[in-house]
Amino acid sequence: MVDTGLRTLWTRRGAAPLRAFISTESASAVVLVAAVVVALVWANAAPASYAAVWDTRVALRIGDAEFGQDLREWVGGGLMTLFFLVVGLEARREFDLGDLRERRRFVLPLVAGVVGMAVPIGIFLLFNAGLPSAHGWGVAMSTDTALALGLLAMLGRNVPDKVRLFVLTIFVVDDLAALLVIAVVYSEPIKGLPLALAVAVFALLLVVARTMRRRSVYFAIGLTLWLALEASGVDPVVAGLVIGLSAPAYTPSRDALEQATGRVRQFREQPTPELVREATTSLTATLSPNARLQSFYHPWTSFVIVPLFALANAGVVLSGDALAAAFTAPVTLGVFVGYVVGKPLGVVATAWAVTRISRGRIRPPVGWAAVLGSGTIAGVGFTVALLIATRAFQGAELDQAKVGALSAVVVSAALTWVVYRLTALLPPAVKARALIGDVAYIQDLVPEVDIDHDHIRGPLNAPVTVIEFGDFECPYCGQAEAVVRDLLSDVHVRYVWRHLPLTDVHPRAQYAAEAAEAAAAQGAFWEMHDLLLAHQGDLRPVDVARYAQELGLDVERFADDMRRHVHETRVAQDVESADLSGVSGTPTFFVNGLRQYGAYDVATLGAAVRAARAQVRAAR
């Protein structure tokens, strides 16, 4: 396929939440690595300066009351709360909209995440059996989501998105469990009254979360919860997680979008401050609390907070004597071997065992090469490992834990590169099965394509079906038409059009949709379809009648069908399909029943088509 080069606004709108999450994490990995390098250089070039900056006490004083911590503690216990907020938001989004909405698919990531932590913990305890350092077992358990996804993007450039999504679901479980360990094991003695207050605040949050529209309200409730947990002795970073998990995720409804459009139209007619507020509030309300919070906080955590945490905690002296001592120390060996050996062993063994025990009913949504690569990249433990290390260790043992975690990042990344490099050398069909597997996607399209009902262009038996919900007056649909024609040059693709006239913004869209169906009754749907999209600014009844005449249709029959709205029900059936499939705007594309988010250009839809073809080949 040839890219048209048209990179207008329509090609970039509405990126998929999960794909946007992965993209942000991948880009921020570069910033995180840079922060680690700066911390190491700083700590080795000027250790006194490094310690002085991060040991600086920062306090808030009101009268005689004072609340203060070291700068490093503010970063680790304060700002990192927002990191766990994003973790909670992504977990909730996956449960509400992602693969985990089919709860059966949560079994394998859950078990793999837990076992993938238990095995490294066991290895750490073997190295530290009978020693006081055994208390630090939590250091060896959690994968660094941001760094691991970033390294995976760099080391496996041809790795399908499906593999990255599988990795992310395991990491979400990993992060949730790690935070539970921090709250239970590495917190101070619990005080009952502040903890009861924290529970009450969380209960309030659950009640108002779905209708809450302002980030400032979330911030106020979150700050109260954070302070209550801090006073209770529970690590306050838990506040971020519970807030994230409480924020529901959902796609905007057509009713909400139509109401927002009405407010904008009112403002266009009468631009007053009151209508500005109403239009802004109405537009904001169409998005879920999850989407609003994640769009604001995720870039901050990925590009500022996590790198700042690395800068504050990754600094360790790397002299020859110090490294020699570290690599013979039980703490370093436990962390290093736990991540490099324990993580892959836990993930791969779990995937194999669950598949065997369930007799294939529950199995990885990717191939076995991808499972192995997921296990090796899971050995990249850094952010949460250092967070727990600062709570479990001090002095030399803390430095040893840092050396173990940093070394594991390097070796795990190298092993991941080897796995995907060897996989790339396999024959195409074998490589597709090794990476993608043969588990079917969740079907987002309702109902599925019916050759006796739907309008289909291309080979009826094509293995890949591209479905578009479109509006003949929608300019984005008109621009997407060139992309669709490019896709149809592939003999393995068939194309389906379903109507979704957005009458609140396109007053002639319903009339045009019925006109296409009136033409279909005379065997000319696609001819009328093409004319309507080619003349989107000319959809008046007189224009449509002229198109019918140009096509050689029975004009009287066509006019009678239009006058009596004979085909209104047929259009309504497509609109109902859009509602059942969660579609609220145009154009919206599905490939083999799986909804496609993000850009609608040749490159993006072409990649989705290639992934669907690979999935079909792997399933044979």
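Residues numbered from 1 in each chain as written. Predicted model: local features only at pLDDT ≥ 70, side-chain atom pairs only at ≥ 80, totals over all residues. Heavy atoms only, no water.

**Topic: the packing of helix H17 (residues 395–424) against helix H18 (residues 428–436)**
Inference 1: Between H17 and H18, the shortest axis-to-axis distance is 9 Å and the interhelical angle comes to 145 degrees. For the pair H17 and H18, contact is made by Tyr420, Thr423 and Ala424 and by Lys431, Ala434 and Leu435, respectively.
Inference 2: When the residues that make up the contact of H17 with H18 are grouped by side-chain class, the tally is four nonpolar, one polar and one charged. (Axes fitted to C-alpha atoms, helices over the stretch in contact; angles between N-to-C directions. Helix = DSSP H or I, 4+ residues; strand = E, 2+ residues; numbered from the N terminus. Contact = heavy atoms within 4.5 Å. Nonpolar A, V, L, I, M, F, W, Y, C, P; charged D, E, K, R; others polar.)

**Some remarks on the confidence of the model for the chain**
Detailed conclusions should not be drawn from predicted coordinates in areas where pLDDT is low.
Inference 1: A residue-level look at the chain finds 89% of positions with pLDDT of 70 or above and a mean pLDDT of 82.
Inference 2: This stretch, residues 1–16, has a pLDDT under 50; its non-local contacts, to residues over four places away or in other chains, come to 38 contacts. (pLDDT = per-residue confidence, 0-100.)

**Thoughts on helix H23 (residues 555–564)**
Inference 1: Looking at H23, one finds that the buried residues are Phe558, Asp561 and Met562. With its buried residues spanning 95 degrees around the axis, H23 presents them on a single face. Projecting away from the buried face of H23 at angles above 90 degrees are the exposed residues Glu556, Arg563 and Arg564.
Inference 2: Check the buried side of H23 and you find it contacts helix H20 (509–520), helix H21 (525–534) and helix H22 (541–550).
Inference 3: Once H23 ends, the next one or two residues include His565, with phi positive near 55 degrees. (Buried < 20%, exposed > 50% of the residue type's maximum accessible area, 1.4 Å probe, protein only. Arc of directions from axis to C-beta.)

**Concerning the packing of aromatic side chains**
Inference 1: Per the counting criterion, the structure on display carries nine aromatic pairs.
Inference 2: Taken together, a centroid distance of 5.7 Å and an interplanar angle of 70 degrees make the contact between Phe469 and Phe590 edge-to-face. Of this pair, Phe469 sits in strand E4 (residues 464–470) while Phe590 sits in strand E6 (residues 588–591), placing them 121 residues apart in sequence. Judged on exposure class, the residue Phe469 and its partner Phe590 are both buried.
Inference 3: Counting every residue linked through ring pairs, the aromatic cluster contains Trp42, Tyr50 and Trp54. (Phe/Tyr/Trp six-rings, centres within 6.5 Å; stacked < 30°, edge-to-face > 60°.)

**Quick look at the state of the cysteines**
Inference 1: Scanning the entire structure with this criterion turns up zero disulfides.
Inference 2: Of the cysteine sulfurs around Cys474, a residue in no disulfide, the closest is that of Cys477, at 3.6 Å. (Disulfide = S-S within 2.5 Å.)

**Here we look at the nonpolar core**
Inference 1: Counting 111 residues, the largest nonpolar core has Val139, Leu147, Leu225, Ile377, Phe382 and Phe393 as the members making the most contacts within it.
Inference 2: Residue contributions to this core peak at 13 residues, all from helix H6 (residues 161–185).
Inference 3: In this structure, Val493, Tyr495, Met528 and Tyr547 belong to the second largest nonpolar core, which totals 37 residues. (Core = buried A, V, L, I, M, F, W, Y, C linked by side-chain atoms within 4.5 Å.)

**Some details on a nonpolar patch on the surface**
Inference 1: A grouping of Val30, Val31, Met154, Phe296, Trp300, Phe303 and Val304 is seen on the molecular surface, where their side chains present a nonpolar patch of about 580 Å² in accessible area.
Inference 2: Sorting the residues of the nonpolar patch by element identifies helix H1 (17–45) and helix H12 (289–313) as the ones contributing at least two each.
Inference 3: Here the nonpolar patch takes four residues from H12, the largest share from any one element.
Inference 4: By the element assignment, Trp300 lies in helix H12.
Inference 5: The partly exposed category is assigned to Trp300, whose relative accessible area is 47%. (Patch = residues over 30% accessible without salt bridge, like charges linked within 9 Å, V, L, I, M, F, W, Y side chains within 5 Å. Areas by Shrake-Rupley, 256 points an atom, 1.4 Å probe, with all protein chains shown as cover. Salt bridge = Lys/Arg side-chain N within 4 Å of Asp/Glu carboxyl O.)

**Focus on the pairing of E6**
Inference 1: Judged by which residues are buried, E6 turns out to be covered on both faces: Thr588 and Phe590 on one side and Phe589 and Val591 on the other are all buried.
Inference 2: In terms of strand pairing, E6 meets strand E7 (residues 594–596) through three bridges, oriented antiparallel. Counted as the bridge partner of Phe590 is Arg595 from E7.
Inference 3: Hairpin geometry of E6 and E7 is characterised by an intervening segment of two residues between the two adjacent antiparallel strands and by a positive phi of about 50 degrees at Asn592. (Pairing = 2+ DSSP bridges.)

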